[in-house]
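Architecture at a glance
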Amino acid sequence: MQDGQTGHDAGGGETLGQRLRRARESQGLEVEAVAERLHTDVTRLKALEHDDFSPFPAAVFARGYVRGYARMFSLPEAELIALYEKQAAPPAVSLHPLPATPYDKKATLLTMAGRVFALALLAGAVFWLMPYTPWRDEHPALNGAPAALNEEAHSGEDIQSAPPPAGMADDAESPDADAFSSVSTRQDAAVSERPVSESAQNVSPAETSGDALVLRFNAESWVEVYDQRGKTLLYELAPGGATRRFEQPQLPLRVRLGNSPAVNIEYNGKVFDQSPHARNSVADFVFDRKIAAAMQSREDDAVSVTAE
Amino acid sequence: MFGRFRRLFSDDLSIDLGTANTLIYARGQGIVLNEPSVVAIRQERGPSGPKTIAAVGMEAKNMLGRTPGNISAIRPMKDGVIADFTVTEKMLQYFIHKVHQNRFLRPSPRVLVSVPCGSTQVERRAIKESASGAGASEVFLIEEPMAAAIGAGLPIGEARGSMVLDIGGGTSEVAVISLNGIVYSASVRIGGDRFDEAIINYVRRNYGTLIGESTAERIKKEIGSAFPGTEVHEMEVWGRNQAEGVPRHFMLNSNEILEALQEPLSGIVSAVRAALEKTPPELGADVAERGLVLTGGGALLRDLDKLLSEETGLPVIIADDPLTCVARGGGTALEMIDEGGRDFLVLE
C-alpha cells in the first residue's frame with residue numbers, strides 16, 4: 001500500500017487511487033473496514049486504490065465505489081468522478097443482440113424438411129386421387145382376354161353340359177348381351193365388362209356352369225366386387241338366401257364381404273375358402289387367376305364340395 | 001402512406017411516461033424534455049361546456065392544489081399506468097409536438113415507451129394506443145427495469161446477473177437481468193408519491209396540520225432520508241392547522257421524516273429481499289458480487305443506498321443521473337431496433 005505503484009499522474013496532482021487511499025489513511029481506517037461498510041470485498045477496493053479498474057465489470061460500478069468513498073470521507077464527489085473519467089477510459093458497455101445464427105440454421109433445415117414432407121404429401125395425394133387401379137402392375141389389362149380364353153378352353157365341356165342362364169341364351173347372336181357370356185365366342189370380349197344382370201341372380205345351384213363365380217349368401221351381407229380396372233360390378237347389401245353369379249368373369253376380381261362367414265364362394269363349382277382373408281368377419285381379397293388355377297388343380301376336393 | 005414520409009422528418013423518441021415526470025429522449029440529441037406528468041383542464045362555459053387543455057407539464061404542476069373551480073389540474077398517470085386515457089393522449093401529443101416545435105410537418109416519430117413490468121396487457125395496450133393517438137407512427141414497448149439497466153450502463157448482455165431497482169413516482173421495479181432478458185422482475189406500487197403521502201399523514205398525525213402534496217414533495221427532497229445519519233437537517237413548513245383552521249408554520253427535521261418514511265421504505269426493502277430470494281443462485285452470486293444498482297427519482301432520497309445495503313448486505317450503487325436512466329436506456333434500445341435487436345422489447 002505504498003505509493004508510487006501507479007505511475008499514472010492525473011493533471012499534476014494525485015491519482016484517484018492515491019487520493020482515496022490518503023483520505024482513508026487520514027481517518028486511520030483499514031481497507032477492510034471500508035469494505036465492510038460498503039459491503040464489498042477488499043480486493044476490489046485495493047484495486048481501486050491502485051487505479052486498477054479491471055475488477056469492475058462496468059463503469060457504473062467503479063463510479064459507485066468512488067462515490068461511496070467520497071461520501072464516507074466527505075470528499076468532493078464531482079471532482080473525484082471527473083478524475084475517474086479522466087484516468088479510466090471506461091469501456092463502453094457494448095449492447096448487442098444475442099447471435100441468432102444457430103437457431104436460424106436449424107430453422108432452414110427444418111423448412112427444408114418441411115418442403116420435402118410437403119412434396120411427399122403432394123405426391124401421395126396425386127397417387128390417391130388417380131383412378132383406382134390396384135392391379136395395374138401385376139396384371140396388365142391386355143393379359144385379361146387371352147387368360148379368359150385359356151380358362152374357357154379348360155372348362156369347355158362344362159359350358160356344354162349346363163344350359164346358359166335365361167337372358168344370356170344366345171351369345172353369338174346378341175353382340176350386346178352381357179360380357180361374361182359373350183367371351184366364349186368373341187375374342188374381344190375383354191373390352192366389355194358389365195356386371196351380372198338381374199335375371200342371373202336367382203340362378204339355381206344346378207345351373208352352375210364353367211367359368212362362373214357364384215356367391216351364395218346364407219345370411220344378409222354387404223358385398224362389393226370390382227374388376228381389374230376398378231369398375232364396380234357389385235355393390236349392395238345382399239339379403240340372406242340370395243345368389244350372385246358372374247359368368248366368364250374377367251379375373252382378377254377384387255371382392256369385399258361384410259359378413260364373410262355367411263357367404264359361400266364357388267368358382268366353377270369348387271368352393272373357395274375366403275376365411276384366411278377375413279378379419280373380424282370382413283373379408284377383403286383379390287380373386288385372381290392364380291387362385292383359380294390352384295382351385296382347378298384340386299380336382300378331388302371339388303367333387304365333394306360341389307355335390308348339391 | 002403519408003405517415004412514413006413524415007417519419008423521415010421526425011426524430012425517434014424514447015418516452016419515460018412516468019407517474020410523476022415524463023422524460024423524452026430524442027435520438028442523437030439526448031434528453032429533450034423533462035416535465036411533470038400533469039395536465040390542467042379548463043371547463044369552458046359552465047359544467048356541460050367543452051373542456052380545453054389549460055396547461056401541460058411544469059406550468060400545470062404549479063397549478064396543482066391552487067386551481068379555481070373551472071380548472072382542474074390532474075395527473076393522468078397513476079401507479080405507472082394510465083388512469084385517464086384521453087388526458088394522457090393529449091399530454092403525449094403536447095410533449096411530442098413540443099420536441100418537434102420548429103418543424104414544418106406534423107411530427108410522426110417512432111416511439112418507444114417504457115411500461116412497468118407489473119402492468120397488465122390492458123394497461124400496456126392503453127399506453128400503446130395513446131402513443132399512437134398522439135401521432136406516433138410506430139410504438140414499441142420496453143419494460144422499465146430493462147430500460148433502466150440499459151440507461152445505467154449495466155452489462156446486461158453478459159451471462160451474468162445484474163440487479164436493478166428503479167424507484168419511480170408510482171411504482172418501484174426490481175429486476176434481475178442476464179443475457180438481454182429479464183430473469184426475475186417484480187413491481188410494487190410504492191414510489192415517490194407514497195413517500196409524499198406518508199409525509200402528509202405523518203404531519204397531520206403529529207402536528208395536527210394539513211400540508212399539500214407539493215409541500216410534502218419539497219420536504220422529501222430537502223430533508224428526507226432513508227437511514228439515520230450523523231447530521232440532522234431542519235426546515236420550516238407552512239400548513240393549515242386543523243384545530244385552529246389557520247395557516248401555521250413549524251419546524252420539521254430529518255429524523256421525523258425518516259420515521260414517516262419507514263412504512264413505504266420497508267415495502268421497497270421487502271421487494272428487494274423477495275427478488276433476491278427468487279433469483280436463481282448463480283445469478284444471486286453475481287448480484288452479491290457486483291451489487292444492486294439504483295435508478296429512478298427515488299434513488300435520490302438521501303441514504304437510500306445505505307439502507308438497502310444494510311438491509312440486504314449487498315453493495316448498492318446509485319447510477320449516474322438516475323432520473324433519466326429509463327429514458328436514456330429506452331433511447332439506446334431504440335437504436336438497437338435498427339440493428340435487429342428486439343430482445344429488449346415487450347412482445348404483446
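Everything quoted here is computed from the prediction, not taken from an experiment.

**Topic: the overall build of chain A**
The number of helices and strands found in chain A is 11 helices and 9 strands. Going through the 308 residues of chain A one by one, you find that 42% of them count as buried.

**Things to note about the overall build of chain B**
Scanning chain B from terminus to terminus reveals 12 helices and 18 strands. The 348 residues of chain B split such that 55% are buried. For chain B, restricting intrachain contacts to residue pairs at least 6 apart in sequence, the fraction spanning at least 24 positions comes to 62%. Summed over its atoms, the accessible surface of chain B is roughly 14900 Å², and 49% of this surface lies on carbon and sulfur atoms.

**Thoughts on the confidence of the model for chain A**
All names here are of chain A. The predicted model of chain A has a mean per-residue pLDDT of 71, with 61% of residues at 70 or higher. A low-confidence stretch, residues 1-11 stays under pLDDT 50, and its non-local contacts, those more than four residues away or across chains, total 22 contacts. Note that pLDDT drops below 50 for residues 302-308; the model gives that stretch 7 contacts with residues more than four away or on any other chain.

**Digging into the nonpolar core**
In summary, soluble globular proteins display a tendency toward joint burial of nonpolar side chains. In terms of nonpolar packing, the biggest core is built from 53 residues, with A:Y69, B:L154 and B:I156 touching the most fellow members. Here the element with the most residues in this core is helix 4 (residues 59-72) of chain A; it accounts for 9 residues. Ranked by size, the runner-up nonpolar core spans 41 residues in total, among them B:Y184, B:A186, B:A275 and B:L307.

**Describing the sheet that holds strand 12 (residues 172-178) of chain B**
All names here are of chain B. Taken together, the 5 strands give an open sheet; going across it, the order is 13-12-11-17-18, and neighbouring strands pair in mixed fashion. Single-partner strands in this sheet number two, and they are strand 13 (181-188) and strand 18 (316-318). The mean inter-strand angle of the sheet, taken between neighbouring strand axes irrespective of direction, is 20 degrees. Two strands pair when backbone bridges link them, and strand 11 (residues 162-167) and strand 12 are joined in this way by 6 bridges, in the antiparallel orientation. Bridging from a neighbouring strand, S162 pairs with I177 of strand 12. Its contacts with the sheet put helix 5 (residues 144-152) on strand 11, strand 12, strand 13 and strand 17 (292-295), and the angle it makes with strand 12 is roughly 65 degrees.

**Concerning a nonpolar patch on the surface**
A cluster of nonpolar side chains, contributed by A:L122, A:V126 and A:M130, occupies part of the molecular surface with about 280 Å² of accessible area. Take A:V126: it is sitting in helix 6 (residues 101-129).

**Some thoughts on the confidence of the model for chain B**
Chain-level statistics for chain B give a pLDDT mean of 90 and a share of 96% at 70 or above. ipTM for the predicted complex: 0.82, alongside a pTM of 0.65.

**A word on the sheet that holds strand 8 (residues 278-279) of chain A**
All names here are of chain A. With respect to topology, 5 strands assemble into an open sheet ordered 3-2-5-9-8, the strand pairing being antiparallel. Two strands lie at the open edges of the sheet, namely strand 3 (232-238) and strand 8, each paired on one side alone. Sheet analysis places strand 5 (residues 253-257) next to strand 9 (residues 282-287), joined by 5 bridges and oriented antiparallel. In the strand pairing of strand 9, L257 is matched with A283.

**Describing the packing of helix 9 (residues 262-278) of chain B against helix 11 (residues 304-312) of chain B**
Residues and elements named next belong to chain B. The N-to-C vectors of helix 9 and helix 11 enclose an angle of 45 degrees; their axes lie 10 Å apart at closest approach. One finds that helix 9 runs oblique with respect to helix 11. Our pair here, helix 9 against helix 11, has a crossing hand that is right-handed. Of helix 11, the residues touching helix 9 (which contributes L265, V269, V272, R273 and L276) are L304, L307, L308, E311 and T312. Looking at the contact of helix 9 with helix 11 residue by residue, the classes come out as 7 nonpolar, 1 polar and 2 charged.

**Thoughts on the interface of chain B and chain A**
In this assembly, 31 residues from chain B lie in contact with 18 residues from chain A. In total, chain B and chain A occlude about 2000 Å² of area from one another, counting both sides; carbon and sulfur atoms represent 58% of this. Its largest share of buried area at the contact with chain A, chain B owes to B:R290, B:I317 and B:D320, together 25% of the area lost on that side. At the surface where chain B touches chain A, the tally comes to 4 salt bridges. Connecting chain B to chain A are 6 residue pairs in polar contact (both at pLDDT 80 or more).

**Let's talk about the pattern of salt bridges**
What the rule picks out here adds up to 34 salt bridges over all chains. Measuring nitrogen to oxygen at the nearest pair gives 2.1 Å for the salt bridge that ties B:D305 to A:R71. A residue pair is termed interchain when its members come from two chains, as with B:D305 in helix 11 and A:R71 in helix 4. As a salt-bridge pair, A:D284 and A:R256 come within 3.1 Å of each other at their nearest N and O atoms.

**Some thoughts on unusual backbone geometry**
Of note in the backbone geometry, A:S281 takes a positive phi value of approximately 70 degrees without being a glycine. Assignment of secondary structure puts A:S281 in the loop between strand 8 and strand 9. A positive phi angle, near 50 degrees, is found at B:D79, a position not held by glycine. Inspection of the secondary structure puts B:D79 in the loop between strand 7 (77-78) and strand 8 (81-82).

**With respect to the pairing of strand 4 (residues 243-247) of chain A**
Residue and element names in this part refer to chain A. The buried fraction of strand 4 amounts to 5 of the 5 residues, a majority that puts the element mostly inside the structure. Of the two faces of strand 4, the one holding T243, R245 and E247 and the one holding R244 and F246 are both buried throughout. Here strand 1 (residues 212-217) runs beside strand 4; their pairing, made up of 5 bridges, is antiparallel. Counted as the bridge partner of L215 is R244 from strand 4.

**Remarks on the environment of A:K290**
Residues and elements named next belong to chain A. The topology assignment puts K290 in helix 10 (residues 289-297). Residue K290 is classed as exposed on the basis of its relative accessible area, which comes to 68%. Between the C-alpha atom of K290 and that of L251, which follows or precedes it by 39 residues, the distance is 9.5 Å.

**Some points on the packing of helix 2 (residues 31-38) of chain A against helix 3 (residues 42-49) of chain A**
Residue and element names in this part refer to chain A. The interhelical angle for the contact between helix 2 and helix 3, taken along N-to-C directions, is 115 degrees, at an axis separation of 9 Å. Here helix 2 runs over helix 3; the crossing is right-handed. Across the interface between the two elements, V31, E32, V34, A35 and L38 from helix 2 touch V42, L45, K46 and E49 from helix 3.

**Describing the environment of B:D196**
Residues and elements named next belong to chain B. Note on placement: D196 falls in helix 6 (residues 192-207). Taking the relative accessible area as the measure of exposure, D196 reaches 6% and is therefore buried. In this structure, the C-alpha to C-alpha distance between D196 and K220, residues 24 residues apart in sequence, is 7.0 Å. Beyond its immediate stretch of four places on either side in the chain, D196 contacts E213, A216, E217 and K220.

**Re helix 5 (residues 77-87) of chain A**
Residue and element names in this part refer to chain A. Taken residue by residue, helix 5 has L80, I81, L83, Y84 and Q87 as its buried positions. Taken around the axis of helix 5, the buried residues stretch over an arc of 155 degrees, which confines them to a single face. Counted as exposed and oriented over 90 degrees from the buried face of helix 5: A78 and K86. Those residues of helix 5 hidden inside the fold are in contact with helix 1 (16-26) and helix 4.

Conventions used here
- Residues numbered from 1 in each chain as written.
- Chains lettered and ligands numbered in written order.
- Predicted model: local features only at pLDDT ≥ 70, side-chain atom pairs only at ≥ 80, totals over all residues.
- Heavy atoms only, no water.
- Helix = DSSP H or I, 4+ residues; strand = E, 2+ residues; numbered from the N terminus.
- Buried < 20%, exposed > 50% of the residue type's maximum accessible area, 1.4 Å probe, protein only.
- Contact = heavy atoms within 4.5 Å.
- Areas by Shrake-Rupley, 256 points an atom, 1.4 Å probe, with all protein chains shown as cover.
- pLDDT = per-residue confidence, 0-100.
- Core = buried A, V, L, I, M, F, W, Y, C linked by side-chain atoms within 4.5 Å.
- Pairing = 2+ DSSP bridges.
- Axes fitted to C-alpha atoms, helices over the stretch in contact; angles between N-to-C directions.
- Patch = residues over 30% accessible without salt bridge, like charges linked within 9 Å, V, L, I, M, F, W, Y side chains within 5 Å.
- Salt bridge = Lys/Arg side-chain N within 4 Å of Asp/Glu carboxyl O.
- Parallel < 35°, antiparallel > 145°, perpendicular 65-115°, else oblique.
- Left-handed = near helix turned anticlockwise from the far one by under 90°.
- Nonpolar A, V, L, I, M, F, W, Y, C, P; charged D, E, K, R; others polar.
- Buried area = accessible area lost by both parts, 1.4 Å probe.
- Polar contact = N/O pair within 3.5 Å; in protein donor to acceptor, adjacent residues only side chain to side chain.
- Arc of directions from axis to C-beta.

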